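Reading the structure
Given next are the chains, with one letter for each unit.
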Amino acid sequence: MKSEYKMTTLQDTQRLAEQLAKKLQGGDVIGLIGNLGAGKTTFVQFLAHTLGIKQTVNSPTFNIIKVYAIKNHKSKIKNLIHIDAYRLHSAAELQALGVEEYFVDPHVVTVIEWADRVKKILPKDAMMIKIKLKKNGERIFSATSTALSQPRAFFPLPQSSHGTCLQ
Ligand SMILES: Nc1ncnc2c1ncn2[C@@H]1O[C@H](COP(=O)(O)OP(=O)(O)OP(=O)(O)O)[C@@H](O)[C@H]1O
Ligand SMILES: [Mg+2]
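Residues numbered from 1 in each chain as written. Chains lettered and ligands numbered in written order. Predicted model: local features only at pLDDT ≥ 70, side-chain atom pairs only at ≥ 80, totals over all residues.

The name that an unreviewed UniProt entry assigns to the chain is tRNA threonylcarbamoyladenosine biosynthesis protein TsaE, with the source organism given as Candidatus Falkowbacteria bacterium RIFOXYA2_FULL_47_9. Per its UniProt entry, the chain bears the Sequence similarities (unreviewed entry) comment "Belongs to the TsaE family." You can read under Subcellular location (unreviewed entry) in the UniProt record for the chain the words "Cytoplasm". (UniProt positions renumbered as here; feature names shortened; annotations may be inferred.)

Side chains three or four residues apart in an α-helix point the same way, a direct result of the helix having 3.6 residues per turn. Within the sequence span of helix 2 (residues 40-50), burial applies to Lys 40, Phe 43, Val 44, Gln 45, Phe 46, Leu 47 and Ala 48. Here the buried face of helix 2 lies against helix 1 (10-23), strand 2 (29-33), strand 3 (65-69), strand 4 (79-84), strand 5 (108-113) and strand 6 (127-133). Looking one or two residues past helix 2, Gly 52 carries a phi angle of roughly 100°, positive in sign. (Buried ≥ 20, exposed ≤ 12 C-beta atoms within 10 Å, placed from the backbone. Helix = DSSP H or I, 4+ residues; strand = E, 2+ residues; numbered from the N terminus. Contact = placed C-beta atoms within 7 Å.)

Take unusual backbone geometry next. Although it is not a glycine, Ile 64 sits at a positive phi angle of roughly 70°. Along the chain, the position of Ile 64 falls in the loop between helix 2 and strand 3. With 17 C-beta atoms counted inside 10 Å, the residue Ile 64 sits in the partly exposed group. Not every positive phi belongs to a glycine, and Trp 114 is a case in point at roughly 60°. Turning to its location among the elements, Trp 114 is positioned in the loop between strand 5 and strand 6. The class of Trp 114 is buried, set by 20 C-beta atoms lying within 10 Å.

In structure tokens form, the structure reads like this:
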């Protein structure tokens with residue numbers, strides 16, 4: 001199932017990230033796909049903020065992986081892992097860094113920028129979000145949710161509280 005959202009402002013993106021963050025559980029993997037400047041890191045920053053991370057979240061382009069602790073006692077998610085695959089040449093390179101341990105950790109949510117570059121090693125039920133920046137400045141977020149047979153469907157999120165749901 002695919003859902004599309006039209007974002008005109010930063011606030012639209014913030015609201016979508018907030019709604020998604022509330023549905024996340026440990027072991028979830030989110031892949032972000034989009035050109036330079038599409039808004040991938042911005043989305044992660046809003047997700048991190050909603051999960052209770054107070055540190056500044058920057059693109060981990062040079063470090064590849066950044067680990068953020070979630071100190072909220074009520075949250076079962078203990079870490080947000082932020083990966084930027086921009087500088088990687090293959091999925092194997094990321095695999096060599098041991099990331100698959102994160103994918104199966106019930107206390108971890110992993111979010112990956114440039115996920116299309118490392119698709120091979122991502123779990124089959126990873127949620128993929130494509131971000132397209134249009135010439136008029138609008139951003140179209142297309143999210144492929146896990147199959148409807150899965151116990152949780154992330155998308156579509158309610159239409160009224162963010163941007164415009166196109167579908
Ligand atoms: N929904 C939005 N509305 C308006 N501006 C936005 C929105 N999303 C992102 N931006 C702006 O676009 C710029 C680029 O965003 P960002 O760094 O998140 O892109 P990116 O996809 O991570 O880029 P890169 O591929 O270089 O890592 C930033 O200045 C950010 O504030
Ligand atoms: Mg980025």
